Amino acid sequence: NNFILLINDVETTLIWYNPLRDETGIKVYKEGMPALLDLYAKYNIKSTFSPQPHCSADTDIVKMIQPYGYEISSHCLTHEAEYSLDNFSLGE
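Residues numbered from 1 in each chain as written. Predicted model: local features only at pLDDT ≥ 70, side-chain atom pairs only at ≥ 80, totals over all residues. Heavy atoms only, no water.

A. Spatial organisation of the overall build of the protein. Helix and strand counts for the protein stand at two helices and three strands. In the protein, the succession of α and β elements from N to C terminus is β-α-β-α-β. Within the protein, counting contacts between residues at least 6 apart in sequence, those at least 24 apart form 65% of the total. Put simply, the protein shows about 6,800 Å² of open surface, and 57% of that area lies on carbon and sulfur atoms. (Helix = DSSP H or I, 4+ residues; strand = E, 2+ residues; numbered from the N terminus. Contact = heavy atoms within 4.5 Å. Areas by Shrake-Rupley, 256 points an atom, 1.4 Å probe, with all protein chains shown as cover.)

Following this line, the structure appears as structure tokens:
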């Protein structure tokens with residue numbers, strides 16, 4: 001058997017140091033997520049999804065993911081710079 005761990009960090013709004021335009025978020029929601037979910041279902045791929053918990057589009061994404069039975073996790077409640085993981089060095 002072959003195994004791979006897949007965790008999908010679903011962002012539909014800007015994140016620090018990698019700004020996403022609103023158009024990108026809409027594309028993630030309307031095109032990317034359905035295509036990814038269909039692909040995973042086709043190949044029976046198990047995965048975890050971590051959508052942003054504070055955005056209404058992401059609430060809809062959770063509703064989109066639930067029927068597939070994937071694990072849904074939360075990676076943070078904010079994208080404020082002081083809490084951003086990309087601000088930490090490897091030594092912290």
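B. Focus on the pairing of strand E1 (residues 7–10). Only one face of E1 is buried, namely the one carrying Asn 8 and Val 10, since none of Ile 7 and Asp 9 on the opposite face is buried. Bridging between E1 and strand E2 (residues 48–51) involves four bridges; their strand directions are parallel. In the strand pairing of E2, Val 10 is matched with Pro 51. (Buried < 20%, exposed > 50% of the residue type's maximum accessible area, 1.4 Å probe, protein only. Pairing = 2+ DSSP bridges.)

C. Representation of the environment of Gly 32 within the structure. The residue Gly 32 is located in helix H1 (residues 22–42) in this model. The class for Gly 32 is partly exposed, based on a relative accessible area of 34%. Taking the C-alpha atoms as reference points, Gly 32 and Val 10, separated by 22 residues in sequence, lie 9.9 Å from one another.

D. Seen up close, the nonpolar core. Formed by Val 10, Met 33, Leu 37, Tyr 40, Phe 49, Ile 61, Ile 65 and Tyr 70, the largest nonpolar core amounts to eight residues. The set of elements that each furnish at least two residues to this core consists of H1 and helix H2 (56–65). Ranked by residues supplied to this core, first place goes to H1 with three residues. Apart from residues no more than four positions distant in its own chain, Met 33 is found in contact with Val 10, Val 28, Phe 49, Ile 61, Met 64 and Ile 65. (Core = buried A, V, L, I, M, F, W, Y, C linked by side-chain atoms within 4.5 Å.)

E. Examining unusual backbone geometry more closely. Its identity is not glycine, yet Asn 44 carries a phi of approximately 55°, on the positive side. Tracing the backbone through its elements, the reader meets Asn 44 in the loop between H1 and E2.

F. Region of the structure containing the pairing of E2. Residues Thr 48 and Ser 50 line one face of E2 and the alternating positions Phe 49 and Pro 51 line the opposite face, and both faces are buried. Summarising the sheet, E2 and strand E3 (residues 71–72) pair through two bridges and their orientation is parallel. Following the sheet pairing, Phe 49 is matched in E3 by Ile 72.

G. Expanded view of the confidence of the model for the protein. Of all residues in the protein, 63% have pLDDT values of 70 or greater, and the mean over the chain is 75. Considering each helix and strand of the protein separately, the mean pLDDT is smallest for H2, with a value of 76, and largest for H1, with 87. (pLDDT = per-residue confidence, 0-100.)

H. Geometry of the packing of aromatic side chains. Summed over the entire model, instances satisfying the criterion amount to four aromatic pairs. Considering the side-chain rings of Tyr 40 and Phe 49, the 6.1 Å spacing of their centres and the 50° angle between planes classify their relative orientation as tilted. Here Tyr 68 and Tyr 70 contribute two aromatic rings whose centre-to-centre distance is 6.0 Å and whose plane-to-plane angle is 15°, an arrangement assigned as stacked. An aromatic cluster is present here, built from Tyr 40, Phe 49, Tyr 68 and Tyr 70 joined pairwise through their rings. (Phe/Tyr/Trp six-rings, centres within 6.5 Å; stacked < 30°, edge-to-face > 60°.)

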